[in-house]
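Below, each chain spelled out in residue letters.
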Amino acid sequence: MRPPLHGSQKPPGLARILRGAMRGLLIVLLSALAVAGAWAQMAGQKTMILQATAYTSSVRETDSTPFITATGMRTRLGVLAVSPDLLKVLPYGTKVRLKDLGSVYGRGRGQFDYLFRDRVFVVADVMHPRMREKVDVWLPDRATALRFGRRVVSLEVVEYPRR
């Protein structure tokens, strides 16, 4: 039970309770908007720095249909496979440009820019589910793919597919 009220003490009125609740709701709402704005800003990001490898249409590197991608497209220079986690931000059909930033050890910056310059790549394949935050560039021959190794690339989104 409440203690009895004395003289100038008044019970908290409904207006006072509502003001406190509204103040709390406003703080929660502003916090939620700030978080949503940060997420939207990250979602609108057009450039990513990712680790890249290369693959060919060899049976040892692909499934039983080595010249057909996950989307049904035939492999060619300009086909890009992404790790499954990146399919959320780079869905099939996304057009991107790549820039070679060198090996993961910091050597050979721009060595493969001749393959990337003036070429728009299309996300048309997916990597093994164990891969995370990686892309795989299709190359026509194994020797070039081995020379490519593991590199760091700058991936710039040119165009997202129409929904």
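What comes next is a walk through the structure. (Residues numbered from 1 in each chain as written. Predicted model: local features only at pLDDT ≥ 70, side-chain atom pairs only at ≥ 80, totals over all residues. Heavy atoms only, no water.)

### Structural notes on the overall build of the protein
Then, in step 1: Along the protein, the regular secondary structure elements total 3 helices and 6 strands.
Then, in step 2: Helices and strands in the protein line up, N terminus first, as α-β-β-β-α-β-β-α-β.
Then, in step 3: For the protein, the residues scored as buried account for 30% of the 163 residues in total.
Then, in step 4: Within the protein, counting contacts between residues at least 6 apart in sequence, those at least 24 apart form 79% of the total.
Then, in step 5: A total accessible area of about 11100 Å² is found for the protein, and carbon and sulfur atoms account for 60% of it. (Helix = DSSP H or I, 4+ residues; strand = E, 2+ residues; numbered from the N terminus. Buried < 20%, exposed > 50% of the residue type's maximum accessible area, 1.4 Å probe, protein only. Contact = heavy atoms within 4.5 Å. Areas by Shrake-Rupley, 256 points an atom, 1.4 Å probe, with all protein chains shown as cover.)

### Some thoughts on the packing of aromatic side chains
Then, in step 1: Taken as a whole and judged by the stated rule, the model has 4 aromatic pairs.
Then, in step 2: Here the aromatic rings of F116 and F148 are separated by 6.2 Å at their centres, their planes lie at 75 degrees, and the arrangement is edge-to-face. Of this pair, F116 sits in helix α2 (residues 113-116) while F148 sits in helix α3 (residues 142-148), and the two are 32 residues apart along the sequence.
Then, in step 3: By relative accessible area, F116 is classed as buried at 3%.
Then, in step 4: Three or more aromatic residues joined by ring pairs make a cluster, and in this case those are F112, Y114, F116, F121 and F148.
Then, in step 5: Stacked on the ring of F148, the Lys or Arg R151 has its end atom at 5.9 Å from the ring centre. (Phe/Tyr/Trp six-rings, centres within 6.5 Å; stacked < 30°, edge-to-face > 60°. Lys NZ or Arg CZ within 6 Å of the ring centre and 35° of its normal.)

### Observations concerning the pairing of strand β5 (residues 134-138)
Then, in step 1: Among the 5 residues that make up β5, 4 are buried, leaving the element largely enclosed by the rest of the structure.
Then, in step 2: Pairing geometry for strand β1 (residues 47-55) and β5, over 5 bridges, is parallel. Bridge pairing links T53 to D136 in β5.
Then, in step 3: Bridge count for strand β2 (residues 79-82) against β5 is 3 bridges, and the pairing is antiparallel. Counted as the bridge partner of V82 is V135 from β5. (Pairing = 2+ DSSP bridges.)

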